[in-house]
Amino acid sequence: MNLKLTRRAFIQLAGAGSTGLLLTRVELASARASAPSRIFSGHQARTVLAAAEVIIPTRENEPSVVDVNVLDYIDREIRGSSERALFVEGLAGLDRLAGLLGRGPRRFADLPAAQRIAILKMVEAGTLPVDAWPSGSGPLFFRQLRRRIVEGYFSSPLVWKFIGYGGRSQFIGYPDFNRWPQQ
Amino acid sequence: MAEREVDVCIIGCGAAGAVLAKECAEGGLSVIAFDEGPRYDPFRDFRNDELYAMKIFDRARIVLDGDDPIKIFMVKAVGGGTVHYSAISLRFHESDFRVRSLDGVAEDWPITYKDLEPYYDRVERTLGVAGSNINPFDVPRGPYPLPPHELNTNSQVIARGARKLGLHPVPAPLAILSRPYDGRFPCNQCGFCFEGCQMTAKSSTDLVYVPKAEAHGAVIRPRCKGLRLEVNKRGLVEAFIYIDERGREQRQKAKLFIVACNAVNTPRLLLNSTSNLFPQGLANSSGLVGKYFMHNTVAAVFGRFEHKINSYKGLPQGLIIQDFYETDPRRGFVRGYTMETFYAGPITLANGFMGHVWGDELMDFMRGYAYYAALFLSGEDLPNEKNTVTLDPDLKDEHGMPLPRVTYSYGENEIKLRAHSIQMAEAIMRAAGAVKTIGSPARGTAHLMGTCRMGTDPSRSVVNPFCQSHDVKNLFICDGSVFVTSTGGNPTLTIQALATRTADYIVHEKANLLT
């Protein structure tokens, strides 16, 4: 069920997730999205990564969503499928919500992490101002976005090494399946 | 190309359909069996890759409804769900057939454990079930065809915790070879049962039953999508209408039809088969086709340990605990559940079991991937007339057939049972030394039961004790749909035993049935 919010209430909710509405432009942005996407514009790709970075937040010594090229995975997965339209609409929706947050043009990818998280939480729950997301596809978009980012990230052998997953084991199997691992 | 008329036309070639095909063909009947999905070659088509398996397996479009909408997994393939299943092969207990008499809820089955016992024996031998007779809660039974599998580290740690609490952890009876058997390799503990077994060690029905059916002349037709059954003036089914692998509509005539598409797609096909004689759908004079949908209450608990366990290595479902299977009035609910060890690849955990969180919470969980032991809790879901499979009034598939809509809400007993199972799993984890436990609220099931239930009263059931429609003499319904109760275990072995019994009946009664 979509909770309809007023624009003002939305701004307050989104602001609550950050240090208030005093937005300072930080980090990120330029470093992102080096490899060109075949289905997203440069800006759309930047937006996907800005979401991916807060859905899968990693520490310095861990492979990041950029390191494992999550964007390339999403590119390959949704090219030529109806999911692409859902993504394009959703990414524009994220920017519209970001624009509601402050004065002047502001885009999702430019926001600090806390505000991106606050926006994504509302998209996930569908608690959005009606005019910010007329089609109501927010929760579905979030589900697919989250799902694809997780798939792209956790299918990477780099990540398997980081979390200690052995991955493919045929045709030998795991001969040590019943022995306690060395700590 | 109209196929020539056969004795038996089977729709759905999964856990039940493949068994029916083999047993009917061996009984001398001419058999054709259709399946909507492809026929996989394990060496060529399966990979040790959870993402790849998700893409090839989960294609069902189902509308979910109710207070507790539950995601339904099914595999469209020859072999059906057994291609993907854990292969836990439990017999139902004697009490499972008498829930009304013993607990005052649900209904009794019109058959007893004794009716199925010889068929359980036969199916276990055909599959090569590996197990051990040390389970004090198992039905009295002979030895398993094959010795049990060795436990992986996850099962070892859980066995330790359970024993400390005085419980009885035992190797799960599995339709997975622990020794070479029937020309197939034994399991090499690769850990990828759910992705389709590349070794052919898992006894899915496409590997075990289909070749034997074909050896006796049965024809298997993959990639054929059923639309409806047509009846003649005498009220008998005359033809099965389907879309073939090239997209053309076809008619298959037969003397006898068996619908075995699972408890979602079987009622869908019957409800979609309306006619002047049967305006509310085929076999539905009771109005109960699609009613009493059941699954098994699902929950999962992860225990985080200080040391690595590497639960992804080896058979994930190596161990079961059935101490809480039978009713104990002190618990405040009736019936019970089976605890089963399990584990899965990182995507299944992150998107499935932990699909409700993201950000730091998700990553904190996933950083512990190698450090968890895990228990899956499969409980009895009591039948409720309001839990249904219906035809969606608006949404249709690419052939214009209405999509199935599954409406499901947990009842009070399920909620209590589920909470108890989570508490006990947490206690086992702590006893085993877990520093913390994490429950998963994920709701998904592949255990589909109860939408065409069996009984002796045609006004209160859809099929008779031999899975024959009360309304239409040459129509049988044989899969999880006919279940009267869901039990606190896994349904597949019982589906297979019922299919064997039904086929025996058809072969034995062919003079009457095939006219």
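Residues numbered from 1 in each chain as written. Chains lettered and ligands numbered in written order. Predicted model: local features only at pLDDT ≥ 70, side-chain atom pairs only at ≥ 80, totals over all residues. Heavy atoms only, no water.

1. Observations regarding the overall build of chain A
Inference 1: The secondary structure content of chain A amounts to seven helices and two strands.
Inference 2: Helices and strands in chain A line up, N terminus first, as β-α-α-α-α-α-β-α-α.
Inference 3: For chain A, the residues scored as buried account for 51% of the 183 residues in total.
Inference 4: Considering only residue pairs separated by 6 or more positions, chain A has 72% of its internal contacts joining residues 24 or more positions apart.
Inference 5: Split by element, the accessible area of chain A, about 9100 Å² in all, is 55% carbon and sulfur. (Helix = DSSP H or I, 4+ residues; strand = E, 2+ residues; numbered from the N terminus. Buried < 20%, exposed > 50% of the residue type's maximum accessible area, 1.4 Å probe, protein only. Contact = heavy atoms within 4.5 Å. Areas by Shrake-Rupley, 256 points an atom, 1.4 Å probe, with all protein chains shown as cover.)

2. Points about the sheet that holds strand 13 (residues 372-380) of chain B
All names here are of chain B.
Inference 1: Pairing is antiparallel across the open sheet formed by six strands, whose spatial order is 5-11-12-13-10-16. Because the sheet does not close on itself, it has two edges, and the strands there are strand 5 (169-171) and strand 16 (436-440). On average, each strand axis in the sheet is tilted by 25° relative to the strand beside it, whichever way the strands run.
Inference 2: Where helix 6 (residues 153-164) meets the sheet, it contacts strand 5, strand 11 (319-321), strand 12 (337-341) and strand 13, and its direction lies at approximately 70° from that of strand 13. (Pairing = 2+ DSSP bridges. Axes fitted to C-alpha atoms, helices over the stretch in contact; angles between N-to-C directions.)

3. Observations concerning the interface of chain B and chain A
Inference 1: On the side of chain A, 42 residues touch chain B, which itself brings 43 residues to the contact.
Inference 2: Interface of chain B and chain A: buried area, both sides summed, is about 3600 Å²; carbon and sulfur atoms make up 60% of it.
Inference 3: If you sort the residues of chain B by the area they bury against chain A, Trp358, Met363 and Arg367 of chain B come out on top, with a joint share of 21%.
Inference 4: Inspection of the chain B/chain A interface yields four salt bridges.
Inference 5: In this structure, the salt-bridge partner of Glu77 of chain A is Lys55 of chain B, at a minimum N-O distance of 2.9 Å. (Buried area = accessible area lost by both parts, 1.4 Å probe. Salt bridge = Lys/Arg side-chain N within 4 Å of Asp/Glu carboxyl O.)

4. Quick notes on the packing of helix 6 (residues 138-154) of chain A against helix 9 (residues 346-353) of chain B
Inference 1: One way to put it is that helix 6 of chain A packs onto helix 9 of chain B with a least axis distance of 9 Å and a crossing angle of 160°. With respect to their mutual orientation, helix 6 of chain A and helix 9 of chain B come out roughly antiparallel. Read as a crossing pair, helix 6 of chain A and helix 9 of chain B show a hand that is right-handed. Counted together, Arg146, Arg147, Val150, Glu151 and Phe154 of chain A of helix 6 of chain A and Pro346, Ile347, Ala350 and Asn351 of chain B of helix 9 of chain B form the full contact between these two elements.
Inference 2: A per-class count over the contact of helix 6 of chain A with helix 9 of chain B returns five nonpolar, one polar and three charged. (Parallel < 35°, antiparallel > 145°, perpendicular 65-115°, else oblique. Left-handed = near helix turned anticlockwise from the far one by under 90°. Nonpolar A, V, L, I, M, F, W, Y, C, P; charged D, E, K, R; others polar.)

5. Side note on the sheet that holds strand 3 (residues 63-65) of chain B
Residue and element names in this part refer to chain B.
Inference 1: Read from one edge to the other, the open sheet built from three strands follows the order 3-15-14, with strand pairing classed as mixed. Edge positions in the open sheet fall to strand 3 and strand 14 (388-396), since each of these has one partner strand only. On average, each strand axis in the sheet is tilted by 35° relative to the strand beside it, whichever way the strands run.
Inference 2: In this sheet, strand 15 (residues 402-407) lies alongside strand 14 in antiparallel orientation, the contact comprising five bridges.

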